[in-house]
Amino acid sequence: MFFVDWFYNLFLWLGFFKKDAKIVILGLGNAGKTTLLHLLVHGAVKAHNPTQRPHNDSFTYGNINFTAYDLGGQSALRNIWKNYTQDPKTIILFMVDSTDPQSIIESKSEIHDLLEDENLKNSAILVLGSKIDAKEAIGRESLIDQLDIRRFGLGLNRPDRPLDCLMFSSLKRVGIKEMVDWLSNCVDIVNANN
Ligand SMILES: Nc1nc2c(ncn2[C@@H]2O[C@H](COP(=O)(O)OP(=O)(O)OP(=O)(O)O)[C@@H](O)[C@H]2O)c(=O)[nH]1
Ligand SMILES: [Mg+2]
């Protein structure tokens, strides 16, 4: 086993087995999208102005190079989301501020639009509940209920597409590894499905 691992790590280091993946980060304004992307790319948390135009950045995890598109979440900017979601190999992250009841109601309608969009029927969607460090934050089960997504079936290995909900905090760096592990596992599934 040691030799297999050793050769695998050597090949990894030499650049074999490298994969590219694309993700798009959607969600209402103030959900924490830009904060998360900055953390994934630079390993640090800093303050950002509300995003006015789409931007992308890259980060590597294991043998996967992720290119992530961060789109502004204010209502006037949401009509361009569909320009970034059409490739079924693009993994869609939808971030919901788990401390903000009004934004959870509005997010529910946006998430249901994505889930019911025929063009996205094979696209992977990961719902992310943000800011779990705050005392007002609700838990995963409660967020799933309030978004009414349980009835779509949750899991990485669902038959038509991966769909799940994970909770995290950029501020406290909680749930980040689980999120990126989920994305890494998802890459092979979307590549096989599409
Ligand atoms: N408590 C807490 N606050 C956070 C966390 N992540 C982001 N925030 C705060 O949430 C606010 C919005 O963060 P952004 O990352 O700019 O949100 P956004 O989703 O990019 O917003 P738009 O660009 O307007 O779409 C800022 O005040 C952040 O400091 C977190 O993990 N915990
Ligand atoms: Mg932003």
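Residues numbered from 1 in each chain as written. Chains lettered and ligands numbered in written order. Predicted model: local features only at pLDDT ≥ 70, side-chain atom pairs only at ≥ 80, totals over all residues.

Brief notes about the overall build of the chain
Here is step 1: The secondary structure content of the chain amounts to six helices and six strands.
Here is step 2: The N-to-C order of helical and strand elements in the chain reads α-β-α-β-β-α-β-α-β-α-β-α.
Here is step 3: Scaling as 2.2 N^0.38, a compact globule of 194 residues should have a C-alpha radius of gyration of about 16 Å, and the chain matches this with 17 Å.
Here is step 4: Principal-axis analysis of the C-alpha atoms places the extent of the chain at approximately 55 × 35 × 30 Å.
Here is step 5: With 194 residues in all, the chain has 31% of them scored as buried.
Here is step 6: Partitioning the intrachain contacts of the chain with sequence separation of at least 6 by distance along the chain shows that 69% fall at a separation of at least 24. (Helix = DSSP H or I, 4+ residues; strand = E, 2+ residues; numbered from the N terminus. Rg over C-alpha atoms; globule rule 2.2 N^0.38 Å. Buried ≥ 20, exposed ≤ 12 C-beta atoms within 10 Å, placed from the backbone. Contact = placed C-beta atoms within 7 Å.)

Topic: the UniProt feature "binding site: Mg(2+)" (unreviewed entry) in the chain
Here is step 1: Mapped onto this numbering, the UniProt entry annotates "binding site: Mg(2+)" (unreviewed entry) at T34 and T51. Look at the named residues: they lie 18 residues apart in sequence, but the longest C-alpha span between them is just 7.6 Å, so in the fold they bunch up.
Here is step 2: Its location among the elements puts T34 in helix α2 (residues 33-42).
Here is step 3: Contacts of T34, omitting those with residues within four sequence positions, involve H48, T51 and D70. (UniProt positions renumbered as here; feature names shortened; annotations may be inferred.)

Examining the nonpolar core
Here is step 1: Counting residues in hydrophobic clusters, the biggest one holds 39 residues, and the most contacted among them are I23, I25, I91, L93, F94 and V127.
Here is step 2: Of all the secondary structure elements, the ones that give two or more residues to this core are β1 (19-27), α2, β3 (64-70), β4 (91-97), β5 (125-130), α5 (140-147), β6 (163-167) and α6 (176-193).
Here is step 3: It is β4 that contributes the most residues to this core, six residues altogether. (Core = buried A, V, L, I, M, F, W, Y, C linked by C-beta atoms within 7 Å.)

Here's the deal with the site of ligand 1
Here is step 1: Looking at ligand 1, there are 22 residues lining it, with G32, T35, P50, T51 and G73 nearest.
Here is step 2: When residues of the shell around ligand 1 are assigned to their parent elements, the largest contribution, three residues, is made by α2. (Near = placed C-beta within 6 Å.)

Overview of the sheet that holds β1
Here is step 1: Read from one edge to the other, the open sheet built from six strands follows the order β2-β3-β1-β4-β5-β6, with strand pairing classed as mixed. Pairing within the sheet leaves two strands with one partner each, and these edge strands are β2 (55-61) and β6. Averaged over all adjacent pairs, the angle separating strand axes in this sheet is 25 degrees, with direction ignored.
Here is step 2: Here six bridges tie β4 to β5, and the two strands are oriented parallel to one another. When the bridges of β5 are listed, L93 appears paired with L126.
Here is step 3: Packing against the sheet, α5 makes contact with β4, β5 and β6, and its axis sits at approximately 135 degrees to β6. (Pairing = 2+ DSSP bridges. Axes fitted to C-alpha atoms, helices over the stretch in contact; angles between N-to-C directions.)

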